[in-house]
Amino acid sequence: MIPLEQRFRRPSVMGVLNVTPDSFSDGGVHLDPDVAAAAARRMIEEGAAIVDVGGESTRPGSAGVSPNEELRRVVPVLDRLEGELPFSIDTSKAGVALAALERGAILVNDVTALRGDPEFAGVVAGSGAYLCLMHMQGEPRTMQLEPHYGDVVTEVAAFLEERMSFAVATGVSEDRICLDPGIGFGKTVAQNLELVRRLDVLLALGRPVLVGFSRKSSLQRLTGSEDLLGASVAAAVAAFERGATILRVHDVRPTVDALTVAAAVA
Ligand code: HH2
């Protein structure tokens, strides 16, 4: 694999495809694998560089699903995407990551940053795939109850630096890794905004940064709007302008258009 920064030019869009009944913004929409595969194709046509397939919701309060249930949700979709378009798998289970890698996933997106499953790091290292390491305080079930930090930005940076060292020690080469502050994962609105405002601190770790602000509740709290399209696009542009490389979003076409303009004047 070529280094991640060559495969994903700044800015690149990652389209979100949740194959779950309960994801916070698109739960239940893509449960039919043919519908899910069609949505993935549309995202690529609209300019996404990659489609992120997930079978377990990590929304605040969610309890998680069994490996078998997660496989049952994602495998029929992955079977349809195999060989057709670039996709990643959003999972913290080694068995699910392996099933996706066997079907050609080029990136593994682990919201636990290799803390969830002891087998996970080895599976990724052996595959040669790209890896996204994300920061989360606590676990989805409880993470929004009482987020606490001294300085959120330096703590997230220290965490990601340590997780990257761990990944490299288990055999994942550094040029395959991207880092993610984990917007909404154990953070207040102010902390989420601070992480984007001071993205340079994460960039100083030397790896491309992925930001997923799309449709998150902080945007709803900030704007008071129920329709989060405008807020999500603005958040993607703001993150890009502060140096993010990959923007993980639900609404691909408007985000790609906005980023094209933002990049043209950069
Ligand atoms: N956010 C969500 C899920 N996975 N992965 C990364 N790397 N970064 C993120 O910010 C991120 C993520 C949550 O969003 P969504 O997939 O829309 O919802 P749910 O977890 O409810 O399926």
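Residues numbered from 1 in each chain as written. Predicted model: local features only at pLDDT ≥ 70, side-chain atom pairs only at ≥ 80, totals over all residues. Heavy atoms only, no water.

### Points about the packing of aromatic side chains
Step number 1: Tallied over the full model, the rule gives 1 aromatic pair.
Step number 2: Taking the centre distance of 5.9 Å and the plane angle of 75° together, the rings of Phe8 and Tyr130 count as edge-to-face. Here Phe8, found in the loop between α1 (4-7) and β1 (12-18), pairs with Tyr130, found in strand β5 (residues 130-134); they are 122 residues apart in sequence, far enough to count as distant.
Step number 3: Classification of Phe8 by relative accessible area gives buried; the value is 1%. (Phe/Tyr/Trp six-rings, centres within 6.5 Å; stacked < 30°, edge-to-face > 60°. Helix = DSSP H or I, 4+ residues; strand = E, 2+ residues; numbered from the N terminus. Buried < 20%, exposed > 50% of the residue type's maximum accessible area, 1.4 Å probe, protein only.)

### Some thoughts on the site of the ligand
Step number 1: By nearness alone, 19 residues border the ligand, and Ser23, Thr58, Asp180, Lys216 and His250 come closest of all.
Step number 2: Within the contact set of the ligand, an oxygen atom lies 3.4 Å away from a backbone nitrogen or oxygen of Gly212.
Step number 3: Arg248 places a side-chain nitrogen or oxygen 2.9 Å from an oxygen atom of the ligand. (Near = heavy atom within 4 Å. Polar contact = N/O pair within 3.5 Å; in protein donor to acceptor, adjacent residues only side chain to side chain.)

### Section: helix α11 (residues 252-264)
Step number 1: The terminal C-alpha atoms of α11 lie 18 Å apart, and with 13 residues this matches the ideal 18 Å at 1.5 Å per residue to within 8%.
Step number 2: All of the buried residues along α11 are Val252, Thr255, Val256, Ala258, Leu259 and Ala262. For α11, the arc enclosing every buried residue in end-on projection is 165°, short of the 170-degree limit, so these residues lie on one face. Relative to its buried face, α11 has exposed residues pointing more than 90 degrees away, namely Val261 and Ala264.
Step number 3: Those residues of α11 that are buried are in contact with β1, α2 (33-45), α10 (229-241) and β8 (246-249). (Expected span 1.5 Å × (residues − 1). Arc of directions from axis to C-beta. Contact = heavy atoms within 4.5 Å.)

### Quick word on the pairing of β1
Step number 1: In terms of burial, β1 is largely enclosed, as 7 of its 7 residues are buried.
Step number 2: Along β1, one buried face is formed by Ser12, Met14, Val16 and Asn18 and the opposite face, lined by Val13, Gly15 and Leu17, is buried too.
Step number 3: When β1 meets strand β2 (residues 50-54), the two strands line up parallel, connected through 5 bridges. If you follow Gly15 over to β2, its bridge partner there is Val51.
Step number 4: Considered for its hand, the β-α-β crossover made up of β1, α2 and β2 is right-handed. (Pairing = 2+ DSSP bridges. Right-handed = clockwise from strand over helix to strand, strands pointing away.)

### What to know about the side chain of Asp180
Step number 1: With respect to the element layout, Asp180 can be found in strand β6 (residues 177-180).
Step number 2: For the buried Asp180, no salt bridge is present, and the opposite-charge side chain at shortest range is Arg248, 6.5 Å distant.
Step number 3: A polar contact is formed between the side chain of Asp180 and the backbone nitrogen of Gly182, at a distance of 2.8 Å.
Step number 4: Setting aside chain neighbours within four positions, we find Asp180 in contact with Cys132, Leu133, Met134, His135, Leu160, Leu210 and Val211. (Lys, Arg positive; Asp, Glu negative; His and termini not counted. Salt bridge = Lys/Arg side-chain N within 4 Å of Asp/Glu carboxyl O.)

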